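Structure at a glance
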Amino acid sequence: MSVSVITTMISVSILTFGTAVIGLAAWLANVVATSVATMPSYHLNRRWTWGRRDASNPVREVLPFWVLSFAGLALSTVAVGVADSWATAAGLAGSVHAATVVAAHLSGFGALWIVQFVLLDRVLFGRPRHGSLVGGTADAATEEPRIAA
């Protein structure tokens, strides 16, 4: 959860600054915000959430992580574009316009959060489950719950 909070603060800050202060197009600010926040997200998720300290595998871990992140970027950019157009047509300006764009940004990533967590936990960073046998099931009592994005 800490990783999500940290990276969301990074992306929302950049998105808000880009749209409200610099005047970037909302979709461009969204791309910049996501690109910047994805770097610490990868490293913090890998290290804090899944406790991985070994060398990263560019093909098995880094590339799929970025693909997942940019799938979220695609969804959130569509949402940001729609929200930006709507806010402009509605005559919203300043912080209200920026808040509308930020809400759209968060909704795009929120839609993929659970899918991303499962893929990170089960495919990219997960370790073999304790007590699991080939064709068997893991002992649920030995599993530790994880919450991250």
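An account of the accompanying structure is given in this report. Keep in mind that what you see is a predicted model, and the values were worked out from it rather than measured.

Across its full length, the protein chain carries four helices and zero strands. Beginning at the N terminus, the succession of helices and strands in the protein chain can be written as α-α-α-α. Taken across its 149 residues, the protein chain has 35% of its residues classed as buried. Here the contacts in the protein chain between residues at least 6 apart in sequence split such that 70% fall between residues at least 24 apart. With an accessible surface of roughly 8,400 Å², the protein chain has 71% of that area assigned to carbon and sulfur atoms.

As a further point, take the packing of aromatic side chains. In this description, a pair of aromatic rings is defined by centroid distance and the angle of the planes. Counting across every chain of the model gives two aromatic pairs. When the ring of Trp66 is compared with that of Phe70, the centres are 5.4 Å apart and the planes differ by 15°; the resulting orientation is stacked. Of this pair, Trp66 and Phe70 are both found in helix α3 (residues 58-89), four residues apart, which corresponds to roughly one turn of the helix. Given a relative accessible area of 26%, Trp66 falls into the partly exposed group.

So, on to the environment of Met1. Examined against the element boundaries, Met1 turns out to sit in the segment before α1 (2-22). With relative accessibility at 58%, the residue Met1 sits in the exposed group.

Mapped onto the fold, Thr34 is located in helix α2 (residues 26-49). Those residues in contact with Thr34 that lie beyond four places of it in its chain are Ser69, Leu73, His105 and Phe109.

Our next topic: the pattern of salt bridges. Within the structure shown, the criterion is met by six salt bridges. Asp54 is the partner of Arg46 in a salt bridge, and the nearest nitrogen-oxygen pair spans 3.2 Å. Accessibility expressed as a relative area gives 41% for Asp54, which makes it partly exposed. Asp54 is the salt-bridge partner of Arg52, the closest N and O atoms lying 3.0 Å from each other. One connected set of salt bridges, linked through shared partners, spans Arg46, Arg52, Asp54, Arg60 and Glu61.

An α-helix turns once per 3.6 residues; consequently, residues spaced three or four apart project the same way. Its 32 residues place the ends of α3 44 Å apart at the C-alpha level, agreeing with the 46 Å of an ideal helix rising 1.5 Å per residue. As for α3, its buried residues are in contact with α2 and α4 (94-124). At the N-terminal boundary of α3, the capping side chain belongs to Asn57, with an oxygen 2.9 Å from the backbone nitrogen of Val59. Looking one or two residues beyond α3, the residue adopting positive phi is Gly91, at roughly 80°.

To continue, consider the side chain of Arg52. Secondary-structure assignment places Arg52 in the loop between α2 and α3. Given the relative accessible area of 12%, Arg52 is considered buried. A polar side-chain atom of Arg52 sits 3.0 Å from a polar atom in the side chain of Asp54.

Looking now at the environment of Val115. Looking at where Val115 falls in the secondary structure, it is placed in helix α4. Among the residues examined, Val115 registers a relative accessible area of 45% and is labelled partly exposed. Along the chain, Val115 and Leu68 lie 47 residues apart, while their C-alpha atoms are 9.1 Å from each other.

Conventions adopted
- Residues numbered from 1 in each chain as written.
- Predicted model: local features only at pLDDT ≥ 70, side-chain atom pairs only at ≥ 80, totals over all residues.
- Heavy atoms only, no water.
- Helix = DSSP H or I, 4+ residues; strand = E, 2+ residues; numbered from the N terminus.
- Buried < 20%, exposed > 50% of the residue type's maximum accessible area, 1.4 Å probe, protein only.
- Contact = heavy atoms within 4.5 Å.
- Areas by Shrake-Rupley, 256 points an atom, 1.4 Å probe, with all protein chains shown as cover.
- Phe/Tyr/Trp six-rings, centres within 6.5 Å; stacked < 30°, edge-to-face > 60°.
- Salt bridge = Lys/Arg side-chain N within 4 Å of Asp/Glu carboxyl O.
- Expected span 1.5 Å × (residues − 1).
- Polar contact = N/O pair within 3.5 Å; in protein donor to acceptor, adjacent residues only side chain to side chain.

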